[in-house]
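# Per-entry structural report
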Amino acid sequence: MDSLHGTGENGSVTLPFRRTSEEAPRPLKTLVAAFLMAASLLVLSLVLSSCGPDEGLRVEPVDDTSPTAFEQPSGSAGPPDEPFSLKQIRKAIERSSGKAVTGNAPETETVIAGCSDCLAFAKPFTGGDQKFQVVTVANPKQRSETIAAVVVSADDDEPKLELIATGNQLTLTPGRNGTLVVQEAMYVDGDDSCCPSGWSVQVFRLHDGRFESGQRFTRLNGET
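Since the structure is predicted, the reported quantities are computational estimates derived from the model, not experimental observations. (Residues numbered from 1 in each chain as written. Predicted model: local features only at pLDDT ≥ 70, side-chain atom pairs only at ≥ 80, totals over all residues. Heavy atoms only, no water.)

### Comments concerning the overall build of the chain
When helices and strands are tallied, the chain shows four helices and 12 strands. Taken over 224 residues, the chain has a buried fraction of 50%. Taking all contacts inside the chain whose residues are at least 6 apart in sequence as the whole, residues at least 24 apart take part in 54%. When the accessible area of the chain is evaluated, it comes to approximately 10,800 Å², of which 49% is carbon and sulfur surface. (Helix = DSSP H or I, 4+ residues; strand = E, 2+ residues; numbered from the N terminus. Buried < 20%, exposed > 50% of the residue type's maximum accessible area, 1.4 Å probe, protein only. Contact = heavy atoms within 4.5 Å. Areas by Shrake-Rupley, 256 points an atom, 1.4 Å probe, with all protein chains shown as cover.)

Dropping the structure here:
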């Protein structure tokens, strides 16, 4: 998934998580049309609400500078920096070489090793009685862009990496029925950093204590 990322006036930098439309699975056009990625993620969450047991995922707001745009919660998951600090989570990522229960992104370790302030807390959420902390990884050359999100739980008083999701302009949103909705920008040759040609959405479901990946839906501009 490595490639050169064109950042326009910022120059060209290497983003380990760059994914182009050619690399992403191409769904049937009927599925693409049904899900209309240009619509809000809320629509996708509502569609998924009829499936599976309700695990009660909800999120806790932090300040408006949070790099991940989560929905407002119906309850409190507590402070984003409890029980583990950024330093503890950083060490966990380094020890695991970027490998989580779901997802393997060794490039994440490389990015945070070379960037002391690219790791930040996003909004935590809960599944049943389990709290999950979320940290995001920023593009070192373009800090407003999130290129990875890490979901962390507690295991014997140690941080456990449950999920690592990577992508371009990444957002991670807890949905209904124990789901996490991950959206990322899709680029084709010639796209500027500001203007991707489309979007991809993948759903992860909390099942038997772990996040399992579901279908990925991709829509490029002009597709119907």
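### Here's the deal with the pattern of salt bridges
Note on pairing: side chains with opposite charge can pair once their charged atoms come close. Under the defined criterion, the tally for this structure stands at two salt bridges. Ionic pairing is found between Arg 143 and Asp 117, a salt bridge with its closest N-O pair at 2.8 Å. With Arg 143 in strand β7 (residues 142-155) and Asp 117 in the loop between α4 (106-113) and β4 (119-121), this pair connects stretches of sequence that are 26 residues apart. Here Arg 216 and Glu 184 are joined by a salt bridge, their closest N and O atoms 3.1 Å apart. Residue Arg 216 is found in strand β12 (residues 210-220), and its partner Glu 184 is found in strand β10 (residues 179-186); the two are separated by 32 residues along the sequence. Of the residues examined, Glu 184 reaches a relative accessible area of 2% and is grouped as buried. (Salt bridge = Lys/Arg side-chain N within 4 Å of Asp/Glu carboxyl O.)

### As for the side chain of Thr 102
For Thr 102, the position within the fold is in the loop between α3 (86-96) and α4. Residue classification places Thr 102 among the buried positions, given a relative accessible area of 8%. Separated by 2.4 Å, the side chain of Thr 102 and the backbone oxygen of Phe 211 make a polar contact. (Polar contact = N/O pair within 3.5 Å; in protein donor to acceptor, adjacent residues only side chain to side chain.)

### Quick look at the state of the cysteines
Under the definition given, this model contains one disulfide. The disulfide that involves Cys 115 links it to Cys 118, with 1.9 Å between the sulfurs. Judged by the sign of its S-S torsion, about 75°, the bond between Cys 115 and Cys 118 is right-handed. The exposure class assigned to Cys 118 is buried, which follows from its relative accessible area of 2%. (Disulfide = S-S within 2.5 Å.)

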